[in-house]
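# Coordinate inspection notes
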Amino acid sequence: MSRVTVMAEDTAQLQVNAIFADRHFERLTLGKLLNKGGAAGKIYEIVGQPAKVAKIFHERQKSNTNRLKLEAMVVNNPNIPSVRAGGVEYVQIAWPEAVLEDDEGYCVGYLMPFINTAEAVSLDHLMQGAVRAKLGLSDKYEYRVMAAYNVALMVASLHKYGHYIIDLKPANVSIYKKTMTVAMFDCDGFSIQGEQARFPAEFVSEEYIYPEGMDKSCEEMGEEQDKFALAVIIFKLLNNGIHPFSGVPRKADSEMLTIQNRIEKYHYAYGLWPDAYQAPHPYSLHEYFDKETLELFERAFTKGGDRPSAYEWQEHLWKLMHSLKPCLLYTSPSPR
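A brief report on the enclosed structure follows. (Residues numbered from 1 in each chain as written. Predicted model: local features only at pLDDT ≥ 70, side-chain atom pairs only at ≥ 80, totals over all residues. Heavy atoms only, no water.)

What follows concerns the overall build of the protein. If you tally the helices and strands in the protein, you get seven helices and 15 strands. Whereas a compact globule of 336 residues would reach a radius of gyration of roughly 20 Å, the protein reaches 22 Å, a difference of no more than 12%. Summarising its shape, the C-alpha atoms of the protein cover approximately 75 × 55 × 35 Å along the three principal directions. A total of 336 residues make up the protein; the buried ones form 49% of that total. Across the protein, the fraction of contacts at a sequence separation of at least 24, relative to all contacts at a separation of at least 6, is 60%. (Helix = DSSP H or I, 4+ residues; strand = E, 2+ residues; numbered from the N terminus. Rg over C-alpha atoms; globule rule 2.2 N^0.38 Å. Buried < 20%, exposed > 50% of the residue type's maximum accessible area, 1.4 Å probe, protein only. Contact = heavy atoms within 4.5 Å.)

Printed below as a string of structure tokens:
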């Protein structure tokens, strides 16, 4: 059994070797357990390096597979920069910087930048007004547009290097509360383009699977999956959390389809033409969307459409972000 699997929960004075892209290595000591992490591994401090952390895998069985994928990531780093605001540095992506080995030469995890999770929230929390109010997040519409832009920018930056997120959904994307910039974790779950081969993703989530991908495994999915899921996220951010394939069935006796069923059948209710199955959600804001925004969604969600790339969304949302005008609300006169 690997010594990594028997470490204490609160601290781990285990030493590992960090192997970097240029093949040099450093001897590192793991410190306090910061996070039990997800299904893949736990997060530990690095003694003497507060800006770095280690993700240590729960299992040793996939050591060789993990190593090949991580080596591809270390070499093909998208180099997404941190953002500085108010004298604080906000790391946008926890991309692997080095492969971590134990003394027996097994790949046990990877070294990555430290992201202060206390400063960020799941993108899910930005969707609903009640949740924003509870968490003290700004209710300004421009903040959601800004968040949508930053998510598109992140996805476009990854696509430029041939990497795909695949399991792209609001729960898997975090946003810094003060800057609306992205904080992305668990990048080792992405579909990664290596120098000689592609290393596929392992998971994808319903309600974000593109229609043509219903008969595919997530290992077969690529840019089209990301383009579709990104468009869904942007629609939800701009439309108070409403999913583009949710709506009100037009007939009382209609079969109640799941969101993924509606996606599969292209039941998009907010397009240029009415959908036969469902009408738009009564609280939808889509009628107030910019014409170009509606056209991009039309391409993303209708059959035969040429889905906008992440870069197209980035360009459009940048323009939208800088052209928003305050809404003048009518106030009734006070009674005399």
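That shown, we press on.
Moving on: the environment of Ile 234. Mapping Ile 234 onto the fold places it in helix H4 (residues 223-238). Using a relative accessible area of 0% as the deciding quantity, one classes Ile 234 as buried. Here the alpha-carbon distance between Ile 234 and Tyr 149, two residues 85 residues apart in the chain, equals 8.4 Å. When sequence neighbours within four positions are dropped, the list of residues in contact with Ile 234 reads Ala 148, Phe 297, Trp 313 and Leu 317.

For the rest of this paragraph, the subject is the sheet that holds strand S9 (residues 120-122). Read across the open sheet, the three strands follow the order S9-S10-S11; overall the sheet is antiparallel. Two strands lie at the open edges of the sheet, namely S9 and strand S11 (182-183), each paired on one side alone. The sheet contact formed by strand S10 (residues 174-176) and S11 spans two bridges and is antiparallel. Opposite Ser 174, over in S11, you have Ala 183 as the bridge partner. (Pairing = 2+ DSSP bridges.)

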